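# Topology and contacts: notes
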Amino acid sequence: MDHQSGRALQQFKSEVGIRFQLYNSLFTSLPFHRIEKTGILLSLLSNNCEEEYKRKLSPADIIDDFFTRHTVYTKTEDRNDLLFRFVQYIERQVVLFDALEDAAFKYVNDLNGVGTLKHLESEVLQSGKENELALKLNDFAIRLVLTAHPTQFYPGSVLGIINDLAKALADNNTNLVNTYLQQLGKTPFFKKKKPTPYDEAVSLIWYLENVFYPAAGKIISSLKNQFPDAVNKENSIIKMGFWPGGDRDGNPFVTSEITLQVANALRGAIVKCYYMDVRKLRRRLTFEGVETLLQQLETRLYNNLFIPGFKADLKKEEILDTLYRIKEVIIHQHNGLFLHLVNNLISKIELFGLHFASLDIRQDSSVHGKLLNELSSQQSVLPLAYRDLTETEKMELLVSINSVIDISPVNDPVLQDTLLTIRSIKEIQQFNGTEGCSHYIISQCNSALNAIEVYGLFLLSGWKPEEMNIDIVPLFETISDLNNAATVMQSLYELHAYRQHLERRGKRQTIMLGFSDGTKDGGYLMANWSIYKAKEELTRVSRKYNIDVIFFDGRGGPPARGGGKTHKFYASMGKNISNREIQLTIQGQTVSSNFGTVDAAQFNIEQLLHAGITNDLFSTKETTLSNSEENLLQELSVAGFDAYKGLRDHPYLADYLLQVSPLRFYSETNIGSRPAKRGTLSGLSLKDLRAIPFAGSWSQLKQNVTGYYGVGTALQQMEKKGKLPELQKLYHQSLFFRTLLDNCEMAMMKSFFPLTAYLAGHKQFGELYQMIHDEYELTKQYLYKITGNNELMADYPVEQLSIQMREKIVLPLVTIQQYAMTRIREMEEQSAPVELRETFEKLAMRCSFGIINAGRNSA
């Protein structure tokens, strides 16, 4: 362990570990029924779990033994009542731990160390690359897209308490901490109703206002101060994207009306931020020639917020013009006093405009195809025989449309909404600016036609080609789609009308690549490698046609869904992969865990900026892979894919997830507006199942299959071929491969097989359990051979300890959940009345909250 890691670990132990034990004692004052007794009994259960899993007891045996030895409860109702009290208690312990980590962030992480702006500044100055930096920043950006995927289990009220609690902890204000813990005790964690898409938007706008707005402002001001000539005001280096209210793929509750409401809320939120900053400025800029200008600007912003009819009356350029005039007066008449405050606000307005975040529209390609078929049978703008045309004929027809359709005959609500949404984009761009809504993402994009269908629908909705300020973004997710992506894009680039569209969009093409479905389809190794190869091929094809390709990564929280050490992946892409922008989704828990405070957000945004900039300015041999290295990784990925297919196609896999994990209760948790599976079929297939519940279910089981399955078998096969030394060498030379395996270790670190060891003897699921456990052990064995370590995550001691502590907190919770799942299976086998099962079903479902929240990036 190096000195820096040792210092960080010591800080973590004192700021988080010791303080958790101290503040945990305050929990006995929580306003719960018989809380003192609950805390004592929970401590006993926690000890029981640790001891009895070593003796290979099952969760059901552990819980039954606990009640027999430590309580007098014999009735099921009394026992379940205590278990629910344990759940409440543990949920709040997790909140305390979250808040302590947030409060300790600046002590545990070096905010001026490797990967930060300070580090970048010193690198650039020492190497004399100021001009190269300016050139890079002329069109480079990172774009963080907040999504409403259902992996955020904290309701907004609890997120607010965590934020305030972290501040009180940082200030060592014990009285305030105690008060917030009591508030936490009174605040419900469980949502009785599913949130609407608008509710989801409001909860994420909180982060935009309170975290991203100040963090991004600080970063840009710092860059401008150090390199005043490097930052191009026409290019926003940090961009925010937004999916709640725009992403309607598989979510029938997102309508064009909701989309407009969310766009309006985003505009209102950023105007409110400017209004508050202008009010603060007025307290400092009390000088002659400035005060009146500021007062007028404050009034304009106030009217826009609170007086109907003033919305269309304000433009970004007007706000900036007023601030530029104020700036001139300060410089020439007041010795530049408080000039930095004006510059900071100007930087924020240049970044966020009147849109705050760009609202992305996403819909499945099948909806567009169905809509065009419907229109051809109803209206004369498309020929009746449209559905019988070849793909090429359809594309030629769609790009030449010059008629506008009538929406009223379209009766299907989803199809009608698709047309209304395309029309509403114009309204959003009018009020929020072009950036307010300029991405239309096509899920399940299997062909060039799927992209041109969207182009044609814009023409049919009254858009002229020359005014189409829209990026049409194909999304490739499955392994076969990733392999076919370059062919699809080549077909698009060769279509004259689409090439003209790209010319008008600055010769830029954004392509989205999905990690979650790729992993569900092809396993951990193949999904990550397929995306890497797809990026190389798409870069090659795009460069051939003189197009700048921008990759938009659909990343989730856990390593299995593209999460984990994300910035290291971007730093490892090499010269064969376009690095024009870094765009990625920030989903669920990742929003609160990586961007929950200004310090954390600033640090993690800087890490991404540093990765993208240094990849061009200081590219090393650690990045671009050689042909022989690529062949090695291809061989490894194929072996991993073959192993994963054996699990994926196992006849009992769907039943295993339904019967053993809480998968079936995902839709009842009321954490998101989106259904847990696509379509309305009553049966379950892995194709119907969304990737998020798929990965989340494995994390609840503490098996985390999607983060490592196939890796051990693949490495073993390479050893048999005598290629393990090459992989050991590659691990130490390639940042991409090292990050891939490091993330794999993170998934494994969060696994705990004694929890489900009782399944080894199960008549239906025993074989599956054994396959998974054997692969876990094999992978661990071979990771040690590759890395030279003898424990998981040995190179990341702080994260290792954090995971260990979190897993210890939730050990009773996962035990209670598996106990409940066991009882449910027993009752189903005995055809017991539904009412008897309902309490255990609710118990299993409630446990999900604490388990997911404690994992921080487990879903």
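Computed from a predicted model, the values in this text were never measured in an experiment.

Right, let's get into the overall build of the protein. Secondary structure assignment for the protein yields 32 helices and nine strands. Oriented by its inertia axes, the alpha-carbon framework of the protein measures out at about 75 × 70 × 60 Å. Relative to its 859 residues, the protein shows a buried fraction of 61%. In the protein, 81% of the contacts between residues at least 6 apart in sequence involve partners at least 24 apart. Total accessible area on the protein stands at roughly 32,800 Å², and carbon and sulfur atoms take up 49% of it. Computed over 94 positive and 99 negative side-chain charges, the inter-centroid distance for the protein is 3 Å.

Our focus in this paragraph is a nonpolar patch on the surface. Nonpolar side chains collect at one region of the surface, where Y302, F306 and I307 lie side by side and expose about 290 Å² of accessible area between them. On the basis of relative accessibility, which here comes to 37%, the residue Y302 falls in the partly exposed class.

On to unusual backbone geometry. Trans peptide bonds make up the majority, and among non-glycine residues the majority have a negative phi. Unlike most non-glycine residues, K56 shows phi in positive territory, near 65°. Counting through the fold element by element, K56 comes out in the loop between α2 (35-54) and α3 (59-70).

A few words now on the pattern of salt bridges. Within this structure, the stated rule accounts for 46 salt bridges. One salt bridge connects E209 with K272, and the closest N-O pair in it is separated by 3.2 Å. Here K272 lies in helix α10 (residues 256-284) and E209 lies in helix α9 (residues 197-226), a separation of 63 residues in the sequence. K272 gets classed as partly exposed once you look at its relative accessible area, which sits at 39%. Of the charged contacts, one joins R505 and D471 as a salt bridge, the two residues approaching to 2.8 Å between their closest N and O atoms. One end of the pair, R505, is in the loop between α19 (496-504) and β7 (508-514); the other, D471, is in strand β6 (residues 471-476), and 34 residues separate them in sequence.

Let us look at the confidence of the model for the protein. Looking at the protein, pLDDT values average 90 and 92% of them are 70 or higher. Overall, residues 669-673 carries pLDDT values under 50, and its contacts beyond four positions in sequence, including any with other chains, amount to 29 contacts.

This paragraph deals with the packing of α3 against helix α4 (residues 76-108). It is the contact of α3 with α4, at a shortest axis distance of 12 Å, that shows an interaxial angle of 110°. The angle between the axes of α3 and α4 places the two elements in the roughly perpendicular class. Where α3 abuts α4, its residues I63, D64, F66, F67 and T68 lie against R79, L82, L83 and F86. Considering only residue class, the contact of α3 with α4 consists of six nonpolar, one polar and two charged.

Buried residues dominate strand β8 (residues 548-554), accounting for six of its seven residues. As defined by bridge partners, β8 adjoins strand β9 (residues 581-587) across two bridges and the pair is classed as parallel. Within β9, the residue paired with D553 across the bridge is L584.

A word on helix α11 (residues 291-306). With 16 residues, α11 ought to run about 22 Å at 1.5 Å a step, and its terminal C-alpha atoms sit 22 Å apart, in line with that. For α11, the full list of buried residues reads L293, L294, L297, E298, L301, N303 and N304. Where α11 is buried, its residues meet α10 and α12 (316-333).

Turning our attention to the sheet that holds strand β2 (residues 238-242). An order of β3-β2-β1-β9-β8-β7-β6-β5-β4 is seen for the nine strands of this open sheet, with the pairing classed as parallel. Every other strand in the sheet has two partners, leaving β3 (358-359) and β4 (361-364) as the edge strands with one partner each. Across the sheet, helix α23 (residues 598-617) is in contact with β1 (141-147), β2 and β9; its angle to β1 comes to roughly 140°.

Turning to the pairing of strand β5 (residues 439-443), a few remarks are in order. Among the five residues that make up β5, five are buried, leaving the element largely enclosed by the rest of the structure. Residues H439, I441 and S443 of β5 are buried on one face, and the alternating residues Y440 and I442, pointing to the opposite face, are buried as well. Bridge count between β4 and β5: four bridges; the pairing is parallel. Across the sheet, the residue bridging to I361 is Y440, located in β5. When β5 meets β6, the two strands line up parallel, connected through four bridges. The partner of H439 across the bridge, within β6, is D471.

Another aspect to go through is α4. Look at α4: 45 Å from first C-alpha to last across 33 residues, which is about the 48 Å you get at 1.5 Å a residue. Where α4 bends most, the angle comes to about 30°, and this point is D102. By the criterion of burial, α4 is predominantly enclosed, with 26 of the 33 residues buried.

What the rule picks out here adds up to 28 aromatic pairs. Judged by centre distance (5.3 Å) and plane angle (70°), the ring pair of F458 and W463 falls under edge-to-face. Looking at F458, the relative accessible area reads 0%, which means it is buried. Exposure remark for W463: the relative accessible area of 3% places this residue in the buried category. Here Y532 and F736 contribute two aromatic rings whose centre-to-centre distance is 4.5 Å and whose plane-to-plane angle is 45°, an arrangement assigned as tilted. Taken together, the residues span a long stretch of sequence, with Y532 in helix α20 (residues 515-544) and F736 in helix α29 (residues 735-749) at a distance of 204 residues. Each member of the pair, Y532 as well as F736, carries the same accessibility label: buried. Cluster of aromatic residues (ring-pair linked, three or more members): Y213, Y274, F352 and F356. Directly above the ring of F552 sits R143, whose terminal nitrogen or CZ lies 5.8 Å from the centroid. One Lys or Arg, K394, reaches over the ring of Y386 and ends 5.0 Å from the middle of that ring.

Here we take up the nonpolar core. Core analysis: the biggest nonpolar cluster contains 269 residues, and L144, L208, I238, F242, Y274, Y656 and L727 have the highest contact counts within it. Broken down by element, this core gets its largest block of residues, 16 residues, from α4. Setting aside anything within four residues of it in sequence, one finds F242 in contact with V145, L146, A201, L204, I205, L208, V262, L266, A357, S358, L359 and D360. Of all hydrophobic cores here, the second largest spans seven residues; its members include V145, W243, V473 and L475.

Let us now look at the state of the cysteines. Tallied over the full model, the rule gives zero disulfides. No disulfide involves C437; its sulfur sits 18 Å from the nearest other cysteine sulfur, which is in C445. C437 gets classed as buried once you look at its relative accessible area, which sits at 0%.

The next subject is the side chain of E841. You can see E841 is positioned in helix α32 (residues 834-855). With relative accessibility at 17%, the residue E841 sits in the buried group. E841 has contacts with F665 and I824, leaving out every residue within four places of it along the chain.

Attention now moves to the environment of H567. With respect to the element layout, H567 can be found in helix α21 (residues 566-571). Linking H567 and N604, residues 37 residues apart in sequence, is a C-alpha distance of 8.2 Å. Once residues within four sequence positions are removed from consideration, H567 is found in contact with Q607, L608 and A611. Among the polar contacts listed, one links the side chain of H567 to the side chain of Q607, at a separation of 3.3 Å.

This part covers the packing of helix α14 (residues 365-378) against helix α16 (residues 413-432). Running from amino to carboxyl end, α14 crosses α16 at an angle of 95°, the nearest separation of the two axes being 10 Å. Classed by the angle they form, the pair α14 and α16 counts as roughly perpendicular. Contacts between α14 and α16 involve V367, H368, K370, L371 and E374 from the first element and V414, L415, T418 and L419 from the second. Split by residue class, the contact of α14 with α16 holds five nonpolar, two polar and two charged.

So, how was this worked out
Numbering of residues begins from 1 in every chain and follows the order in which that chain's sequence is written. It should be noted that, the model being predicted, local features are given only for residues of pLDDT at least 70 and side-chain atom pairs only at 80 or more, the latter also being counted only at that level, while totals for whole chains, interfaces and linings use all residues. Note that water and hydrogens are dropped before the side-chain values are worked out from all heavy atoms of the structure. Think of it this way: any DSSP run of H or I at least four residues long counts as a helix, any run of E at least two long counts as a strand, and we number them from the N terminus. Only protein chains enter the calculation, and the probe is 1.4 Å; a residue is then buried if its accessible area is under 20% of its type maximum, exposed if over 50%, and partly exposed in between. Contact criterion: two residues are considered in contact whenever any of their non-hydrogen atoms come within 4.5 Å of each other. Calculation of accessible area relied on Shrake-Rupley with a 1.4 Å probe; when residues are assessed, cover is drawn exclusively from the protein chains displayed. When charges are counted, neither His nor the chain ends are considered; positive counts come from Lys and Arg and negative counts from Asp and Glu. By convention, the charge on Lys lies at NZ, on Arg at CZ, on Asp at CG and on Glu at CD. Only residues whose relative accessible area exceeds 30% and that form no salt bridge are eligible for patches; like-charged ones are grouped when within 9 Å, while nonpolar side chains (Val, Leu, Ile, Met, Phe, Trp, Tyr) are grouped when within 5 Å. Criterion for a salt bridge: a side-chain nitrogen of Lys or Arg within 4 Å of a carboxyl oxygen of Asp or Glu. By definition, pLDDT measures how confident the predictor is in each residue, and it falls between 0 and 100. All axes are obtained by fitting lines to C-alpha atoms, using only the stretch in contact for helices, and the reported angles, taken between N-to-C directions, cover 0 to 180 degrees. Should an angle fall under 35 degrees it is called roughly parallel, over 145 degrees roughly antiparallel, and 65 to 115 degrees roughly perpendicular, with every other angle called oblique. In this classification, Asp, Glu, Lys and Arg are treated as charged, Ala, Val, Leu, Ile, Met, Phe, Trp, Tyr, Cys and Pro as nonpolar, and every other residue, Gly included, as polar. When DSSP finds two or more bridges between a pair of strands, those strands are recorded as paired. Every helix has an expected span of 1.5 Å times one less than the residues it contains. Bend angle per residue: angle between axes fitted to the 7 residues ending at that residue and the 7 residues starting there. Classification of ring pairs uses Phe, Tyr and Trp, with its six-membered ring standing for Trp, and accepts pairs whose centres are within 6.5 Å; under 30 degrees between planes counts as stacked, over 60 as edge-to-face, and the remaining range as tilted. As a reminder, the over-ring test applies to NZ of lysine and CZ of arginine, requiring each to be within 6 Å of the ring centre and within 35 degrees of the ring normal. Take the buried residues of types Ala, Val, Leu, Ile, Met, Phe, Trp, Tyr and Cys, join any two whose side-chain atoms come within 4.5 Å, and each joined set is a nonpolar core. Criterion for a disulfide: a pair of cysteine sulfur atoms within 2.5 Å. Counting of polar contacts relies on pairs of N or O atoms within 3.5 Å, with two restrictions inside protein: one atom must be capable of donating a hydrogen and the other of accepting it, and residues adjacent in sequence are counted only when both atoms are side-chain atoms.

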